[in-house]
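# Structural overview for review
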Amino acid sequence: MLRIPSKFSASAFESVLSKITSSNVSVSIPKNIKSSLFGGLPMYIQFLSTWFDRSSENTIYIESKGVGDSYLEEFMDSIHGLAAVNFSNSVFFDGEELDRGDVLRRSLGEVDRNMSYDISKLRKKTSFPVYCIDNSHRIKFPNILYYNDKGDLRQIEEFRRVTERVLREIYPENRRGDIGLAMIDAVSNFFYEGFINTHQHARRDILGNIITRSMRGVVFDIKTVSVDSVKNEYSDDNPINNYFEDWVSDFSQAKNAKFLEVSIFDSGPGMANTWLARKKPGQSLSDLSAEAELAAISSCLRLGQTAKDNVARGNGLFRVMVALKRVGGILRIRSGRLALIKTFSGERFDQLDDDDFECCDFFTGSKKPELREQASGLTITALFPINKKGVGK
């Protein structure tokens with residue numbers, strides 16, 4: 001049995017993914033999934049999606065610790081509990097197999113909150129998650145993201161209004177001046193372009209078949225990071241280390257960096273697989289070298305760019321890169337066999353050049369990424385600096 005850690009970091013994701021060595025690996029799910037920089041709930045859901053695709057039995061064991069039925073109620077009244085059961089075929093609690101349908105019915109309170117248009121009901125401490133479960137009619141098109149149950153996506157202006165409302169909910173009222181119009185524009189563009197990408201590309205596989213179990217969504221969170229601890233965690237030549245070496249807070253005595261972290265996640269084919277289906281049908285991800293897979297992802301990030309004036313027209317992930325460069329943010333991607341990072345210093349924005357699309361390996365910092373265990377779906381995370389001097393206002 002594979003035990004899932006409650007602190008689900010990016011490193012923990014790679015660790016548990018490497019342990020799915022057969023088609024009958026069952027997993028033990030903790031009561032809570034703790035927030036973690038570049039990790040937490042989105043990475044946990046991506047793991048579950050990968051586990052479902054690789055395993056045939058898909059059995060979960062809910063860690064009860066002998067507390068009883070109230071524990072199960074609390075577990076299912078959470079996103080991570082609902083996600084675990086959604087990606088399972090069998091559920092065990094206190095050593096007894098439960099009816100999966102009965103367990104899912106215990107999540108109706110969580111489902112109702114997710115489908116509400118009331119922002120305050122969606123808040124989880126300092127985070128704000130909203131999600132779609134495409135294989136469930138009731139949770140398929142949440143009102144925050146869609147006009148109706150036919151799947152008509154809301155317009156970018158409404159995504160911006162949602163962004164503003166979310167920030168009012170999760171950021172202290174007396175510090176809201178830290179987040180200016182440039183930041184709101186950048187966040188709302190990332191939110192819209194990232195989610196529309198899941199809407200267009202993540203509900204079906206590369207052959208056009210509806211994905212059997214699919215979960216897509218967004219998580220907003222406020223992250224406070226010790227600059228010194230981050231610098232000690234990564235190698236000297238890692239872009240993350242370099243980013244924090246140059247960190248200067250807009251408040252001279254501040255020792256921590258504050259970010260708005262926004263993650264878009266899905267259970268779709270992933271960026272390189274989507275690119276292959278469009279450009280080289282018939283090839284599989286295993287046919288690509290690490291460098292070729294990286295080039296495919298870079299091509300996806302350029303979507304929406306025009307050759308004429310290097311600006312974004314219409315929709316496209318290119319607008320995500322523009323938004324992050326404008327505010328000096330960080331982009332992390334986990335897709336296919338690659339874990340990637342791209343940092344922007346926040347220098348005066350002119351235009352994006354080729355260097356801005358060169359992502360590095362998240363763990364080593366190398367421009368020649370290492371191939372890792374293949375993951376289903378995509379998690380794309382952006383860190384928007386709140387208290388970095390000279391940017392984000």
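About the thresholds
- Residues numbered from 1 in each chain as written.
- Predicted model: local features only at pLDDT ≥ 70, side-chain atom pairs only at ≥ 80, totals over all residues.
- Heavy atoms only, no water.
- Buried < 20%, exposed > 50% of the residue type's maximum accessible area, 1.4 Å probe, protein only.
- Helix = DSSP H or I, 4+ residues; strand = E, 2+ residues; numbered from the N terminus.
- Pairing = 2+ DSSP bridges.
- Axes fitted to C-alpha atoms, helices over the stretch in contact; angles between N-to-C directions.
- Parallel < 35°, antiparallel > 145°, perpendicular 65-115°, else oblique.
- Contact = heavy atoms within 4.5 Å.
- Nonpolar A, V, L, I, M, F, W, Y, C, P; charged D, E, K, R; others polar.
- Core = buried A, V, L, I, M, F, W, Y, C linked by side-chain atoms within 4.5 Å.
- Salt bridge = Lys/Arg side-chain N within 4 Å of Asp/Glu carboxyl O.
- pLDDT = per-residue confidence, 0-100.
- Left-handed = near helix turned anticlockwise from the far one by under 90°.

## What to know about the pairing of strand β9 (residues 330–336)
- Among the seven residues that make up β9, seven are buried, leaving the element largely enclosed by the rest of the structure.
- As paired elements, β9 and strand β10 (residues 338–343) share six bridges and run antiparallel to each other. Note that in β10 the partner of Ile-333 across the bridge is Leu-340.
- Taking the residues between adjacent antiparallel strands as the criterion, β9 and β10 are bridged by one residue.
- Where β9 meets strand β12 (residues 375–385), seven bridges bridge the pair, whose relative direction is antiparallel. Within β12, the residue paired with Ser-335 across the bridge is Leu-378.

## What about the packing of helix α12 (residues 271–279) against helix α13 (residues 290–301)?
- Where α12 meets α13, the closest approach of the two axes is 8 Å, and the angle between their N-to-C directions is 85°. What the angle tells us is that α12 and α13 run roughly perpendicular. Each of Met-271, Ala-272 and Trp-275 in α12 lies in contact with α13, whose residues at this interface are Glu-293, Ala-296, Ile-297, Ser-299, Cys-300 and Leu-301.
- Considering only residue class, the contact of α12 with α13 consists of seven nonpolar, one polar and one charged.

## Here's the deal with the nonpolar core
- Counting 64 residues, the largest nonpolar core has Phe-220, Leu-260, Leu-301 and Phe-384 as the members making the most contacts within it.
- With nine residues, helix α9 (residues 181–201) is the single largest residue contributor to this core.
- When near neighbours in sequence (up to four residues on either side) are disregarded, Phe-384 contacts Met-183, Ala-186, Val-187, Phe-190, Lys-258, Phe-259, Leu-260, Val-262, Leu-324 and Val-327.
- Leu-41, Leu-72, Met-76 and Met-115 belong to the second largest nonpolar core, which has 43 residues in total.

## Concerning the pattern of salt bridges
- Applying the stated rule across the entire model yields 22 salt bridges.
- Between Arg-138 and Asp-112 there is a salt bridge, and its shortest N-O distance comes to 3.0 Å. With a gap of 26 residues between them, Arg-138 in the loop between β6 (127–133) and α8 (156–170) and Asp-112 in helix α6 (residues 108–115) connect regions that are remote in the sequence.
- On the accessibility criterion, Arg-138 (45% relative accessible area) is partly exposed.
- Residue Asp-112 is classed as partly exposed on the basis of its relative accessible area of 41%.
- A single salt-bridge network, built from bridges that share partners, covers Asp-77, Glu-110, Arg-113 and Lys-124.

## Comments concerning the confidence of the model for the chain
- Of the residues in the chain, 92% reach a pLDDT of 70 or more, and the chain-wide mean stands at 87.
- This stretch, residues 306–314, has a pLDDT under 50; its non-local contacts, to residues over four places away or in other chains, come to 15 contacts.

## Digging into the packing of α9 against helix α14 (residues 318–327)
- Their axes nearest at 9 Å, the elements α9 and α14 cross at an angle of 155°. Classified by the angle their axes make, α9 and α14 are roughly antiparallel. In the packing of α9 onto α14, the handedness of the crossing is left-handed. Every residue of α14 that contacts α9 at Ala-182, Met-183, Ala-186, Asn-189, Phe-190, Glu-193 and Gly-194 is listed here: Arg-319, Val-320, Ala-323 and Val-327.
- The residue inventory of the contact of α9 with α14, partitioned by class, reads seven nonpolar, two polar and two charged.

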